[in-house]
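# Commentary on secondary and tertiary structure
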Amino acid sequence: MENQITTKLDPLVNINDVNPNILLDIRYATDNNFTKKVIYKTDICLVHKDTSIVLDKVQKHLEQLDLSLKIFDGYRPLWAQQILFDTLPDERYVGNPKKITRHTRGTAVDVTIINQVDKSELEMPTAFDSFSEKAHLVFEDLSENIKKNRKLLQDVMMDIGGFELLPTEWWHFDLEGRSEEHTSELQSHSFISYAVFCLKKKKPTYHLYSHASSPQYVLSHFSVFFSFIILHSIPR
């Protein structure tokens, strides 16, 4: 896999290198999100390697139904998580970056289902990032078609992908069994993994700073970052 990024603890991969048929609509790379600001400077979607494997399974299953996944967000750097939490400090909808946040590990995804032919989204209870009771999984005052679509998304993500649900967001799914893996060391390796991705793809420096971390975060992890630059510079 050409763009797999392997670190000791936390490999990240570009999901479109695993399955190019998965459509991306990375909302935080646009101003079409609840902050109304462009947060990412790149619209690629990185996820944990294990996440990519099961997303590929889900995609292939949906293709048999003439459907496809659309991803709104995957790996999310800590500084971006902080921006989201500062904008909406409500842990029902936005994880506190000082606690377990699976997006910052690459083990959570925000997704919906689209029609493979015309790329239209199946009708769901709300738009993405609509933080209301209507987005909750227990909300039932919906048309039968919407409830059917929501159930289809839940079923394929849980039964095929092995994901867990988030009660307050129909679009959010966590890779099962990852809740205890959140430590500062693992967060550092997620950042380093993206740094190596930038180096391998020869992306300009702003990709590293704007998507992977703030300059302060880079400096705070400089020693491990420098070690990985040396490691990945050694000819093999």
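Above this text sits the structure in question.
All values derive from a computational prediction rather than experimental measurement. (Residues numbered from 1 in each chain as written. Predicted model: local features only at pLDDT ≥ 70, side-chain atom pairs only at ≥ 80, totals over all residues. Heavy atoms only, no water.)

## Brief notes about the overall build of the chain
Counting secondary structure elements, the chain contains eight helices and seven strands. Taken over 236 residues, the chain has a buried fraction of 52%. The contacts in the chain between residues at least 6 apart in sequence include a share of 70% that link residues at least 24 apart. Here the chain has roughly 11,200 Å² of accessible surface; of this, 53% comes from carbon and sulfur atoms. (Helix = DSSP H or I, 4+ residues; strand = E, 2+ residues; numbered from the N terminus. Buried < 20%, exposed > 50% of the residue type's maximum accessible area, 1.4 Å probe, protein only. Contact = heavy atoms within 4.5 Å. Areas by Shrake-Rupley, 256 points an atom, 1.4 Å probe, with all protein chains shown as cover.)

## A short note on the sheet that holds strand S2 (residues 23-24)
Here we have five strands laid out as an open sheet, ordered S2-S4-S5-S7-S6, and mixed in their pairing. This sheet does not close on itself; its edge strands, each paired only once, are S2 and strand S6 (163-166). Bridge count between S2 and strand S4 (residues 67-73): two bridges; the pairing is parallel. Residue pairing for S4: Leu23 is matched across the bridge by Lys70. Sitting on the sheet, helix H2 (residues 49-63) is in contact with S4, strand S5 (108-115), S6 and strand S7 (169-175), with an inclination near 145° to S4. Strands S4, S5, S6 and S7 of the sheet are contacted by helix H4 (residues 144-160), whose axis makes an angle of about 125° with S5. (Pairing = 2+ DSSP bridges. Axes fitted to C-alpha atoms, helices over the stretch in contact; angles between N-to-C directions.)

## Some words on the pattern of salt bridges
Tallying each qualifying case throughout the model produces eleven salt bridges. Between Lys147 and Glu140 there is a salt bridge, with its nearest N and O atoms 3.7 Å apart. Close ionic contact of Lys151 with Asp155 constitutes a salt bridge, the shortest N to O distance being 2.7 Å. Here Lys151 pairs with Asp155, and both are found in helix H4, just four residues apart, close to one helical turn. Classification of Asp155 as partly exposed rests on a relative accessible area of 24%. (Salt bridge = Lys/Arg side-chain N within 4 Å of Asp/Glu carboxyl O.)

## Observations regarding the environment of Leu46
Position of Leu46 among the secondary structure elements: in strand S3 (residues 46-48). As for Leu46 and Leu12, which are separated by 34 residues in sequence, their C-alpha atoms are 6.0 Å apart.

## A closer look at the nonpolar core
Judged by nonpolar contacts, the single largest core of 41 residues is most densely connected at Leu55, Leu69, Val109, Val111, Leu153, Met157 and Phe163. Sorting the residues of this core by element identifies H2, S4, helix H3 (78-87), S5, H4 and S7 as the ones contributing at least two each. (Core = buried A, V, L, I, M, F, W, Y, C linked by side-chain atoms within 4.5 Å.)

## Here we look at the environment of Pro97
Inspection of the secondary structure assignment puts Pro97 in the loop between H3 and S5. The exposure class of Pro97 is buried, given its relative accessible area of 10%. Between the C-alpha atom of Pro97 and that of Pro77, which follows or precedes it by 20 residues, the distance is 9.7 Å.

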